[in-house]
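Residue-level structure breakdown
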Amino acid sequence: MADKTKCPPLTRDSVIAAHEAIKPHIHRTPVLTSRTLSGFASTPQTPDDLKGTEYEGQAPARPKMNLFFKCENYQRVGAFKARGAFHALSRLTDEELSRGVVTHSSGNHAAALALAARTRGVKAYIVMPTISTPSKIAATRGHGAEIIFSGSTSEEREAVVEEVIARTGALLVPPYDHPDIMLGQGTLALEFEQQTQELVAATPTLSITGAGALDAVIAPCGGGGMLSGVATALAGTGTRVFGAEPAFQGADDARRGLAQGRRITSVKSLTIADGVRTPVGEIPWSVISDPSKLRAIFAVSEEQIKSAMRLLLERMKAFVEPTAALGLAVCLYNEEFRRLVEREAGDKGWNVGVVLSGGNTTMEAISKLFSAPAPEAERAEGVLGKQGERVAENVAG
């Protein structure tokens with residue numbers, strides 16, 4: 001990668017410059033809305049939904065949210081990762097590129113770097129965990145990359161990367177822990193705010209507040225490259241930025257790290273949200289841990305992720321992978337976040353932007369995911385128990 005000490009500063013202006021650099025290579029992905037999902041998010045959970053939580057026996061939150069979805073599942077390679085990969089390579093010299101590039105990734109960054117390398121005529125070596133989704137392995141190989149398999153933890157991946165560098169002299173392009181990656185990923189936030197303003201200008205009723213600005217954006221957090229990029233892009237704009245993680249097997253390392261006041265450096269989780277099975281990187285942490293840039297991070301269960309994913313598939317017709325459903329799951333199920341919205345937005349409510357990070361999965365994987373009984377997903381077609389039934393009576397399409 002480019003020397004970190006010579007990288008542009010982590011500012012909104014740097015994200016704007018990154019956007020100009022990668023525009024020829026990326027899609028301006030659509031922003032969609034859904035009256036049904038906004039209705040679900042704005043309806044209180046039932047007492048049964050709060051059983052076993054710290055909020056059991058309390059009145060459920062009554063937030064008002066209007067949801068806007070940034071559909072990076074329609075990005076090149078099927079995920080936001082194309083943004084960071086193209087920006088990273090744009091910052092390398094021809095001599096550096098001639099050495100080839102290497103990275104480790106469970107899939108989305110792998111395919112993105114393979115595509116960017118092929119576009120620049122560069123050799124790419126990709127270290128992938130053996131448990132990576134077959135479709136992601138096929139996509140990466142389809143872009144001409146050489147794949148080397150490894151274990152699933154970040155430590156195991158990085159050890160194999162070092163072996164590849166020693167053997168080939170290739171230049172490391174990390175999946176998240178570098179300013180160039182972060183700035184590239186943050187470009188989605190620039191588009192998001194502009195597209196939302198354009199939608200509301202054309203159809204004012206889309207806004208719950210009467211204004212075109214996003215009051216908040218919530219995005220998945222794994223290594224933190226995208227979340228920190230979004231927080232950098234939106235710093236000083238008035239839009240609050242939140243993160244979303246799975247709680248399963250300690251995958252909520254960023255949330256726990258914020259609570260403990262230190263970065264957690266190891267994650268060993270087999271959450272279904274496979275795109276976030278990594279700890280937050282050191283440089284992304286410097287942004288994520290800054291309360292002036294990121295308000296908070298919230299975690300959700302595996303069943304809540306599945307339920308939100310079902311909604312996106314069935315109600316919004318958006319083909320997404322489990323990781324992409326994290327933000328919606330927080331809006332629907334995380335009572336702490338819902339109470340925050342109710343408290344800060346009051347009767348006015350918030351326009352909430354939800355980043356759908358990617359759609360790299362298969363019908364076989366989806367069928368397997370939903371083949372086992374899922375209590376939360378079965379009730380009311382996966383929507384907040386009987387709460388979903390009440391909303392469905394009053395909200396169309």
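Given the structure is predicted, the values throughout are model-derived calculations rather than measurements. (Residues numbered from 1 in each chain as written. Predicted model: local features only at pLDDT ≥ 70, side-chain atom pairs only at ≥ 80, totals over all residues. Heavy atoms only, no water.)

Things to note about the confidence of the model for the protein chain
Our working definition: Residue-level confidence of the predictor, termed pLDDT, takes values from 0 up to 100. Whether two residues touch is decided by their heavy atoms; if any such pair falls within 4.5 Å, the residues are in contact.
Averaged over all residues, the pLDDT of the protein chain is 91; the fraction at 70 or higher stands at 93%. Here residues 374-397 scores under 50 on pLDDT; set against residues more than four positions off or in separate chains, the count is 64 contacts.

Examining the sheet that holds strand β5 (residues 146-150)
The following threshold applies: By the convention used here, strands pair only if DSSP detects at least 2 bridges between them. Put simply, DSSP H or I for four residues or longer makes a helix, DSSP E for two residues or longer makes a strand, and each gets a number counted from the N terminus. Helix axes are fitted only over the stretch in contact, all axes being lines through C-alpha atoms; the angle between N-to-C directions runs from 0 to 180 degrees.
Spatial ordering of the open sheet is given by β5-β4-β3-β6, a layout of four strands whose pairing is parallel. Because the sheet does not close on itself, it has two edges, and the strands there are β5 and β6 (171-172). Where strand β3 (residues 101-104) meets β6, two bridges bridge the pair, whose relative direction is parallel. Of the residues in β6, the one forming a bridge with V102 is L172. Helix-sheet contacts for helix α5 (residues 108-120) involve β3 and β4 (124-129), and the interaxial angle to β3 is about 170°.

Notes on a nonpolar patch on the surface
Condition: To count toward a patch, a residue needs a relative accessible area over 30% and no salt bridge; like charges are then connected within 9 Å, while nonpolar side chains (Val, Leu, Ile, Met, Phe, Trp, Tyr) are connected within 5 Å. Using a 1.4 Å probe, the Shrake-Rupley method yields the accessible areas, and only the shown protein chains count as cover for residues. Take a side-chain nitrogen of Lys or Arg and a carboxyl oxygen of Asp or Glu: if they are within 4 Å of each other, that pair is a salt bridge. The rule is simple: take the accessible area with a 1.4 Å probe, protein chains only, and divide by the maximum for that residue type; under 20% is buried, over 50% is exposed, in between is partly exposed.
Residues I131, F248 and L270 make up a contiguous nonpolar surface patch of roughly 270 Å² in combined accessible area. Relative to the helices and strands, F248 is located in the loop between β8 (240-246) and α10 (253-260). For F248, a relative accessible area of 35% corresponds to the partly exposed category.

Details of the side chain of R157
Formally: None of His or the chain ends enter the tally, which takes Lys and Arg as positive and Asp and Glu as negative.
Tracing the chain through its elements places R157 in helix α7 (residues 154-168). An unpaired buried charge is present at R157: no salt bridge exists, and E156, the closest side chain of opposite charge, is 7.4 Å distant. Ignoring anything within four residues of it in the chain, the contact list for R157 reads H104, S105, S106, V127, P129, S150, G151, S152 and T278.

Re a negative patch on the surface
The condition that has to hold: Charge positions are represented by NZ for Lys, CZ for Arg, CG for Asp and CD for Glu.
Residues E155, E156, E158 and E162 make up a contiguous surface patch of negative charge. Inspection of the secondary structure puts E158 in helix α7. In this structure E158 comes out as partly exposed when scored by relative accessible area, which is 38%.

Regarding the domain arrangement of the protein chain
It is common to give the size of an interface as the accessible area lost on bringing the parts into contact. Basically, it comes down to this: Domain delimitation in this document rests on an assignment produced automatically or drawn from a domain database. Joining two parts hides part of their accessible area as seen by a 1.4 Å probe, and the buried area is that hidden amount summed over both. In protein, a polar contact means a hydrogen-donor-capable atom and an acceptor-capable atom, both N or O and within 3.5 Å, with residues adjacent in sequence counting only if both atoms are side-chain atoms; elsewhere, any N or O pair within 3.5 Å suffices. Three classes are used, and their members are as follows: Ala, Val, Leu, Ile, Met, Phe, Trp, Tyr, Cys and Pro are nonpolar, Asp, Glu, Lys and Arg are charged, and the others, Gly among them, are polar.
In terms of domains, the protein chain is made up of domain 1 (4-77 + 178-367) and domain 2 (80-172). Taking the mean C-alpha position of each, domain 1 and domain 2 sit 25 Å from one another. Between domain 1 and domain 2, the contact holds 39 residues from the first and 27 residues from the second. Summed over both partners, the interface of domain 1 with domain 2 comes to about 2,500 Å²; 58% of that surface belongs to carbon and sulfur atoms. For the domain 1 face of the interface with domain 2, the top three residues by lost area are V77, D180 and Q185, together amounting to 22%. At the junction of domain 1 with domain 2, the criterion picks out three salt bridges. Measuring nitrogen to oxygen at the nearest pair gives 2.8 Å for the salt bridge that ties E72 to R83. If you look at where domain 1 meets domain 2, you find ten residue pairs in polar contact (both at pLDDT 80 or more). Counting only elements with at least two residues in the side of domain 1 that touches domain 2, the list comes to α1 (12-22) and α8 (179-202). Looking at the side of domain 1 that touches domain 2, the element that brings in the most residues is α8, giving eight residues. Across the side of domain 1 that touches domain 2, the residue classes break down as 13 nonpolar, 16 polar and ten charged.

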